Each structure stands twice: as structure tokens, then as C-alpha cells.
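The chain contents come next:
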Amino acid sequence: MSTPLRSSTAIRALPSTLASRATPTVPPASQIYEPLVKSVLRHRLLFRIFAYSAVFSWTLVVLQSTVRQGGLRSLGLVGILLNPISPRTLALAFVVWLFSVVPIVVTRKACLTAVPTVASSPSGFFNSALSKSSTARLCLTYLTSSAMLTFVHLSTSYIFETSGGSDPRLSPFVKSKKHPYYLNGRLLYLVTSQLFFAALTAFRGIQLDRLVVRWNGSIANRQNEPPSFLLARIVTVLATSGVMAIMGISGHALLFVLSRSIALPILFKLPIISRLLRPFAAHFLRGSWSLSLLAKNGGLIFRAWTLGFMTVANWEFADSLFDTVVVESVTVAHSTADPALTLVAGIKSNDTYYKHFAYAELQQFASDESPAGATKRTALFADQKYNPNLWSTLVRETLLTLGQDYQLFLRRGASPAPAPILAAAPPSRIDAPPQVPKTPYVRTQVLKPTRTSPLRSALDTVASDGAITTALTSAAEVGASQIPELFRSVMPSHPPSVVSRAETAVATVQEKEQQIQKYVLDAPGKWKQRVCEQVVRFSPAFVGSALKDAGEWWRAERLHRVVEVSLPNRKMDGLAVDALCSFVCASLSEDPYGVVQRDIPRILEALLSFLSAIEDYRAELASRYPQLSPEEENALTLREMSARQEVMISMSRASDVLSEVEDSLKEGVVRIVRKFGDKLSAFKFPPRTAKKLQGFVDYN
């Protein structure tokens, strides 16, 4: 019988397509959402902000150049018609736009943030701004832009005005052979006035918090707002610029009078500084009084006002245009293959600015009543391509956002308290072997020693471990133990009275050190307070009263600002609540697997908890500032009535701030209650949530 042959080829298993694959997660916003928004904003920056501001700057340059060249009398009708398109005018308009608009827009774009400043008073805004590096960049940008525009004005003055037959007299030094290095006061006045305009505009930007995105009104209705370059906006910009120019030229004139009358004579009394200033500014001490000097140079003051108005108008138009464009809604999800995935990834953004846009578009996605919108929502509810799926990611991110803002509201805008630092326990090795008792090692001879020769015994005695060496060592240790404590220890022991006196001295030194540190920190504030007291003391009564009122206005907290600090993301919270409630209402007919229903209890619990906190805060404010009876109002003085009116106005604005989130929460809960009706009884709620929800059910 023959034995069958065995094949030497190894047997391989057939590849299976049923092998489990790792389910991907929802990609981050930086990959699929933020690049789309940035491309839209980049297009708006180039074709709206830069383009419209360039046209505005060109218009101002045309008007200014026409006036500086003598107008219709010098140019004629043909010259006025050709002046706007002349190469010289176009080049000047481009330079003015380049030095006025571009630096401001670029700086604001680089420093733009959606995190508002935590402050409730003008002094708080100013002190908070000083601690930010972006404020220094903004101020430096304004100063540099103003200096460059002043240089452009000086360069073009001799081009336009000399052709008209006038001399601007703006050379760096006066025309004097005896004192060739005396500075030209007219030029110095013009330069300092423009720098003062820059400082005033930067201060206004700090108070308006212009480096922060201001979400004015509902972002969903921005599409229907008139364009920012309409006549009404231009008139507003021109009026604001005119008022700013008048304030700037008045403030600079006052500063000029004080510096020439008080500061400059004091500087010339100092030995070293006077020797440095005398070759350049000694002639400023002579001449007529400062007020009469201003009256004699009305043309120079008008030139400074005109240049300041043109500069501030360019800045104001660019800022106004930028504030409008950066908050307009951005719709990008419709251009992608999966709009739901794009929006869900967008709400995961770490930047509040992009997250706001994502929630605004998600709100439109959730409330779309067209068949296409229902189909997209059904696909979102049934998604299983990602782990966690789209709906789980959406509801988790939304509740997390609302929860963080809810905790911030409970803390009234304060930062969370740091967690207590616990001492870390020493790490224990789990895989360490058990401790086995060890038998001590006996280092003495166990067996009876053998007899050695006398010579060997003598050598062992004087060895390093011999009897003599051992005896000397033990004697040295005994002697060391008998040395007094004063010489044995580095820290000698003292009587209790000496120790207490030493501790008292150390505590006194530490207390004095803290007092010195406190004095150094409080010295600037006390110095300013004493200076203000002396100014008020030696000033007329009306000046002292005005300064006192200005100080109170500067330090007074605004109630609506306090509430705004507690709800910094109220616009985004309203959009998130609206979108979430719209999805819940749509799930009753569009969710085939019921994935939304399991999250309804915690959604309603989060919304009602936030609503209860806002209502409690509203009641607290109402009890803090109660309404007065007509008799109590008649008993108030004029000053008290004015203060009361300011409080009521601030109270009304604070109520509007609370209503932005409160109305969205109430409307969302009402929509869910009306949509589900008696079906809500199938869910289990905590007692507090159930009691609050029952009020909505009974009302509807």
C-alpha cells in the first residue's frame, strides 16, 4: 500500500473583510472649519475694508489738495475736474491710505480677540489695558501712523502751497544766523498736536475696548443690515472725527500753555538739562504770553486741526468698517460635502470667535424648515461613521459650553478658585518582591582560632583592624561624646527667653519689610491723591467740583458692565440654546432611532438651571435698587436725582443684558414643551427641574 505524498506548501488563511476597523473621531475645527472662515474673512478684508477705506482716503485727499492749491480761483473748472485723477493726487491718496488705514487694520486684525475685558469702570478698563501687550502695540501704531502722516503733510506742503504762492514756514530750524539751531516752534507745535491726537484716539479705543469683538445685535440678522459705506455711516464718522479734532486741539492748546508757562522754566532751572536744551529751545522762554501767542497763530492752529481731522477721520472710518465686517455672519457649510460634519467640528473650536460663527450657522441649520434641511438633520441624527457620533459630539460640546458659562455666571465673572494642593503620597511599587526576613551576617570567627606565632600576633596588633587601632578608635569616640554641646553642634541650644527674643526680632524685621513693600506699592497712588488734593485746594470752587465729579465718574462701577462681565458670551449662549432646542423639537419627527430622546432630560436640566440662576440674579438686582415712591422721589435733591437716574439707566441696560440669555432659554423650553406635550411624562427629572418644568407645562 503506497503512502500518500504530503505537500510542503504552507496553508494561509483567507483574508477577511469582516475585520474590525477603528472608527474615526470628528476632526478638529482647525482642519475643516476654520480655514473656510479665514478665507471668507480674508476676502472681506481685501475687497471691503481696504477697498472702501481707500476710496474714503482718496476723497479726503482730493478735497484737501483742492483747498490747498487755491480752489476754483487758482485751478479753474478744468483743474478741479482733473485734480482727482491727477498722478500727484492719486499718489498722495495712496500714501495717506498706506500710512493711516493699513497699520490700524493690520494691528487690530493681529490683536483681535473674542474674550472681553473684565472691568466695570473706566479706570478698570484703563488699568486692565495697561497690563496687555496688545495695548502697547496699538498705541505705538497710532503714534507711528500720526508721525508718518505729519511727515507726508510737511513734504506736500511745499509742493501744493508753494505753487499757490504761500510759504508754510515749517522748516526744522528758524532762519537765524546768530542761532541757527533754534527749533521752529510752528513745526514743533504741529508735530506735538498730531501726537496728542494719536494718544487721544488710542485712549478712546481703550475705553471702547476695540481690540475685542463686539457682537452688537443678532448675528443672524446682519445680512439685512445696510452696507457700512452708506451716507449715514460716513456722516457719523465725519461728525465723530470733527468732535475728536476739536477736543484734541483744545486739549493740546491747554497742554501747550502749561508746558511753556510751568514745565519749560522748571527744566531750564536744572543744571544739566538746561545746558542741553539752551542751544535748541532758549528762545521759547522769551516772547509774548502763551495765550496771546496762540491768538497770533490762528492759521497754524487751523492747519493742525485740519490735519488732525483728516487723520482721525481715516482712523475712525477704518475702525468703524472693521467693527462691522468682523461680526457679519459667515456661511461656509453649504460649500462642503457634509455640512453637518463641518458645523459640528466648528463648535469644537478652541477660539470663541470661530465657535460663535459655527453656532450662528448651526442655528440656521437646525431651524431650516425646507425638505432639504429635514433630510440633513435626519442624516445627522442617524450618523454612525464617527465615534462618538455627530449628535453625541454636538450635544456634549453645547452642554459643556453652556455649563462653563453657567459656572462663570455663578461666580459673577470671577476666575475659579485654585484647587488645594495635596501632598503627593510616595509611589509604591506594585511589582516589588515581598520582604523576606534576613538572618544577620556574623562577622566574627565561629571556629576556635588556631595558635599563631608571636611575630604574627605582633603584626596583627598594630594592623588597621588590630587591637591597638580598635582601642584608639573607641577612645576617640568616647572623647567626642564628652565634648561640650557648644562645640559639637552648629545650632547651639539656648534658653527659652533667648529663643523668644530672637523670634520676636525676626517677626519685627519681616513686618517692617512688608510695610516697606506696601509703602513702595502704595506710594504712586498716594502721590497722585495728594497732587489732586492740592490742585483742588488751590483751584476755584467750580474747578474743584468738576475735578471731583470727574474722579467719581472715572472710578464708579457701571451696573450693566458688572452684568456683562458675568455673561461675556451671552450672544453665543443664545445661539447655542436656540440651535439645541431646534434640534430637540425636530427630533420628534426626524430622528428615526431616538438618539436625541435619551439626552432630553439633561438638556432641560441644564437649560432650567441656567434660567433659575438668571432669575435669581435679576431678583437680587431688583432688591438692591428698589423703585421709589413719588413722595421719596420728590424729597431727593437735584444731585441725588441725577445719580438715581444714572442708576436706573444702568439698571435698564443690565436687564437687557440678562434678557439676551434669559429670553432664549425661556423660548427654547417653551418650544420643547409645546412640541412634546404629554410625552415629557415619560422622562425622569430631578425634583428641582421637574418643579420648574411643571410651571412651563401648566402655562402652555
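This text follows the structure it describes.
Quick notes on the rules
- Residues numbered from 1 in each chain as written.
- Predicted model: local features only at pLDDT ≥ 70, side-chain atom pairs only at ≥ 80, totals over all residues.
- Heavy atoms only, no water.
- Helix = DSSP H or I, 4+ residues; strand = E, 2+ residues; numbered from the N terminus.
- Buried < 20%, exposed > 50% of the residue type's maximum accessible area, 1.4 Å probe, protein only.
- Areas by Shrake-Rupley, 256 points an atom, 1.4 Å probe, with all protein chains shown as cover.
- Arc of directions from axis to C-beta.
- Contact = heavy atoms within 4.5 Å.
- Axes fitted to C-alpha atoms, helices over the stretch in contact; angles between N-to-C directions.
- Parallel < 35°, antiparallel > 145°, perpendicular 65-115°, else oblique.
- Left-handed = near helix turned anticlockwise from the far one by under 90°.
- Nonpolar A, V, L, I, M, F, W, Y, C, P; charged D, E, K, R; others polar.
- Patch = residues over 30% accessible without salt bridge, like charges linked within 9 Å, V, L, I, M, F, W, Y side chains within 5 Å.
- Salt bridge = Lys/Arg side-chain N within 4 Å of Asp/Glu carboxyl O.
- Core = buried A, V, L, I, M, F, W, Y, C linked by side-chain atoms within 4.5 Å.
- Phe/Tyr/Trp six-rings, centres within 6.5 Å; stacked < 30°, edge-to-face > 60°.
- Lys NZ or Arg CZ within 6 Å of the ring centre and 35° of its normal.
- Polar contact = N/O pair within 3.5 Å; in protein donor to acceptor, adjacent residues only side chain to side chain.
- Expected span 1.5 Å × (residues − 1).

Caption draft 1: View of the overall build of the chain. Counting its regular elements, the chain contains 26 helices and 0 strands. When burial is assessed residue by residue, the chain has 36% of its 700 residues classed as buried. Accessible area for the chain stands at about 43500 Å²; split by element, carbon and sulfur atoms hold 63% of it.

Caption draft 2: A look at helix α14 (residues 371-381). Every buried residue belonging to α14 is among G373, R377, L380 and F381, and all of these are buried. Each buried residue of α14 lies within a common arc of 95 degrees when the element is viewed along its axis, so the set occupies one face. In α14, the exposed residues that point more than 90 degrees away from the buried face are P371, T375 and A379. The inward-facing, buried residues of α14 contact α12 (339-346), α13 (352-366), α15 (390-410) and α22 (570-590).

Caption draft 3: Representation of the packing of α15 against helix α23 (residues 600-624) within the structure. Between α15 and α23, the shortest axis-to-axis distance is 11 Å and the interhelical angle comes to 20 degrees. Our classification of the angle between α15 and α23 gives roughly parallel. α23 is crossed by α15, and the crossing has left-handed handedness. Along the contact surface, α15 presents W391, V395, L399, L402, D405, Y406, F409 and L410, while α23 presents R602, I603, A606, L607, S609, F610, A613, I614 and Y617. When its residues are assigned to classes, the contact of α15 with α23 shows 14 nonpolar, 1 polar and 2 charged.

Caption draft 4: Inspection of a nonpolar patch on the surface at higher detail. A cluster of nonpolar side chains, L267, L270, I272, I273 and L276, forms an exposed patch at the surface whose accessible area comes to about 450 Å². For the nonpolar patch, the leading source of residues is helix α9 (residues 271-281), giving 3 residues. Position of I273 relative to the elements: it lies in helix α9.

Caption draft 5: Summary view of the pattern of salt bridges. Per the counting criterion, the structure on display carries 20 salt bridges. Between E660 and R570 there is a salt bridge whose closest N-O contact spans 3.2 Å. Of this pair, E660 sits in helix α25 (residues 638-676) while R570 sits in helix α22; the two residues are 90 residues apart in sequence, bridging distant segments of the chain. Given a relative accessible area of 14%, R570 falls into the buried group. In this structure, a network of salt bridges that share partners links the residues R108, R204, R210, E316, D319 and D323.

Caption draft 6: Structural detail: unusual backbone geometry. Residue P388 is reached from N387 by a cis peptide bond, and omega for that bond is -5 degrees. Its place among the elements puts P388 in the loop between α14 and α15. Look at R412: it is not a glycine, yet its phi comes out positive at around 60 degrees. Along the chain, the position of R412 falls in the loop between α15 and α16 (454-461). Classification of R412 by relative accessible area gives partly exposed; the value is 31%.

Caption draft 7: Geometry of the packing of helix α2 (residues 34-68) against helix α11 (residues 298-325). In the contact formed by α2 and α11, the axes pass within 10 Å of each other and the chain directions differ by 160 degrees. Between α2 and α11, the crossing angle belongs to the class labelled roughly antiparallel. Pair α2 / α11 crosses with right-handed handedness. Facing α2, whose interface residues are R44, R48, I49, Y52, S53, F56, S57, L60, V61 and Q64, α11 presents T306, M310, A313, N314, F317, L321, F322 and V325. For the contact of α2 with α11, the class distribution of residues is 11 nonpolar, 5 polar and 2 charged.

Caption draft 8: Focus on the nonpolar core. Counting 103 residues, the largest nonpolar core has Y33, Y353, L362, L380, W391, L394 and F583 as its most contacted members. Contacts of Y33, omitting those with residues within four sequence positions, involve V332, T342, L343, G346, Y354, F357, A358 and E361. Within the second largest apolar cluster, 26 residues are counted, among which are I104, A253, L300 and V312.

Caption draft 9: Examining the packing of aromatic side chains more closely. All told, the structure shown has 24 aromatic pairs when counted by the stated rule. Taking the centre distance of 5.5 Å and the plane angle of 80 degrees together, the rings of F409 and Y617 count as edge-to-face. Here the residue F409 occupies a position in helix α15, and Y617 occupies one in helix α23, the gap between them amounting to 208 residues. Residues F409 and Y617 agree in their burial class; the two are buried. Taken together, the aromatic side chains of F126, F203, W553 and W554 make up a single cluster linked through ring pairs. The cationic tip of R412 hangs over the ring face of F409; the distance from NZ or CZ to the ring centre is 5.0 Å. Between R412 and the ring centre of Y617, over which it is positioned, the NZ or CZ distance is 3.9 Å.

Caption draft 10: The side chain of S53, seen in detail. Inspection of the secondary structure assignment puts S53 in helix α2. A distance of 3.0 Å separates the side chain of S53 from the backbone oxygen of F50, its partner in a polar contact. The residues touching S53, leaving out its near neighbours within four places in the chain, are R48, W97, V101, F317 and L321.

Caption draft 11: Representation of α22 in the model. Between its first and last C-alpha, α22 extends 29 Å over 21 residues, near the 30 Å set by a 1.5 Å rise per residue. In terms of residue burial, α22 counts as a mostly covered element, since 17 of its 21 residues are buried.

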